[in-house]
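Here is how the chains run, residue by residue.
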Amino acid sequence: MPSKPAGTLYRGREGMWSWVAHRITGVGIFFFLLVHVLDTALVRVSPHAYNEVIGTYKNPVVGLLEVGLVAAILFHAFNGIRLILVDFWAKGPRYQRQLMIGVLVLWVVLFVPFVIRHLSHVFGG
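Residues numbered from 1 in each chain as written. Predicted model: local features only at pLDDT ≥ 70, side-chain atom pairs only at ≥ 80, totals over all residues. Heavy atoms only, no water.

Could you clarify how one ought to interpret the nonpolar core in this entry?
Nonpolar side chains tend toward joint burial in soluble globular proteins. Of all hydrophobic cores here, the largest spans nine residues; its members are Val67, Ala71, Leu74, Phe75, Phe78, Met100, Val103, Phe111 and Val115. When contributions to this core are tallied by element, the ones reaching two or more residues are helix 3 (60-88) and helix 4 (96-124). In terms of residue count, the dominant contributor to this core is helix 3 (five residues). When sequence neighbours within four positions are dropped, the list of residues in contact with Val103 reads Phe75, Phe78, Asn79 and Arg82. (Core = buried A, V, L, I, M, F, W, Y, C linked by side-chain atoms within 4.5 Å. Buried < 20%, exposed > 50% of the residue type's maximum accessible area, 1.4 Å probe, protein only. Helix = DSSP H or I, 4+ residues; strand = E, 2+ residues; numbered from the N terminus. Contact = heavy atoms within 4.5 Å.)

Would you mind showing me how to read the layout of surface pockets here?
Summary: where empty space remains is shown by rolling a probe the size of a single water molecule over the atoms. In this model, the largest pocket occupies a volume close to 340 Å³. What lines the largest pocket is a set of 14 residues, and nearest its centre among them are Phe32, Val62, Leu65, Glu66 and Leu69. Those elements that place two or more of their residues in the lining of the largest pocket are helix 1 (14-45) and helix 3. The biggest single contributor to the lining of the largest pocket is helix 1, with seven residues. Looking at the lining of the largest pocket residue by residue, the classes come out as nine nonpolar, three polar and two charged. (1 Å grid on protein atoms, 1.4 Å probe; cavity = no way out; pocket = protein on both sides within 12 Å on 5 of 7 lines; lining within 4 Å. Points joined across faces, edges and corners; volume = space filled by probe spheres on them. Nonpolar A, V, L, I, M, F, W, Y, C, P; charged D, E, K, R; others polar.)

I would appreciate a short explanation of the packing of helix 1 against helix 3 in the present structure.
In helix packing, the relevant descriptors are the interaxial angle and the interaxial distance, both defined with respect to the helix axes. Contact pair helix 1 / helix 3: the axes reach a minimum separation of 9 Å and the direction vectors enclose 130 degrees. Taken together, the axes of helix 1 and helix 3 lie oblique to each other. Handedness of the helix 1/helix 3 crossing: left-handed. Note on element contacts: helix 3 touches helix 1 through Leu69, Ala72, Ile73, Phe75, His76, Asn79, Gly80, Arg82 and Leu83, opposite Ser18, Ala21, His22, Thr25, Gly26, Ile29 and Phe32. (Axes fitted to C-alpha atoms, helices over the stretch in contact; angles between N-to-C directions. Parallel < 35°, antiparallel > 145°, perpendicular 65-115°, else oblique. Left-handed = near helix turned anticlockwise from the far one by under 90°.)

Explanation requested: the packing of helix 1 against helix 4 in the structure shown.
For the pair helix 1 and helix 4, the least separation of the axes is 9 Å and the interaxial angle reads 45 degrees. By the angle class used here, helix 1 and helix 4 are oblique. Classified by chirality, the crossing of helix 4 by helix 1 is left-handed. Where helix 1 abuts helix 4, its residues Glu14, Gly15 and Ser18 lie against Gln96, Arg97 and Met100. Broken down by class, the residue content of the contact of helix 1 with helix 4 amounts to one nonpolar, three polar and two charged.

Following this line, the structure appears as structure tokens:
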């Protein structure tokens, strides 16, 4: 009879899904930063072009994308702290589920007020 494979503690649960979400949010944040650096570099080339580009960002679609950006940054930051605890705290792997719940609670507590305030500015004027 084959035995269980040795090694990982993840087993496809919250650890695996947080790993996937961490990579996706990291890539999204990277691409945002790339665009941000490029559009900010325009100010040295042509302040007028820079102002035009920034002007195109003042619409509800970009306002909604900003909500996604903040969601990604908050999750990525808190999950990064969770990963540090799992990797460097001896009891971290045992408390992985509780740490993930903590990440999600912190994310909701900070994200929901931001969304309410931000969308009131985006759609309320």
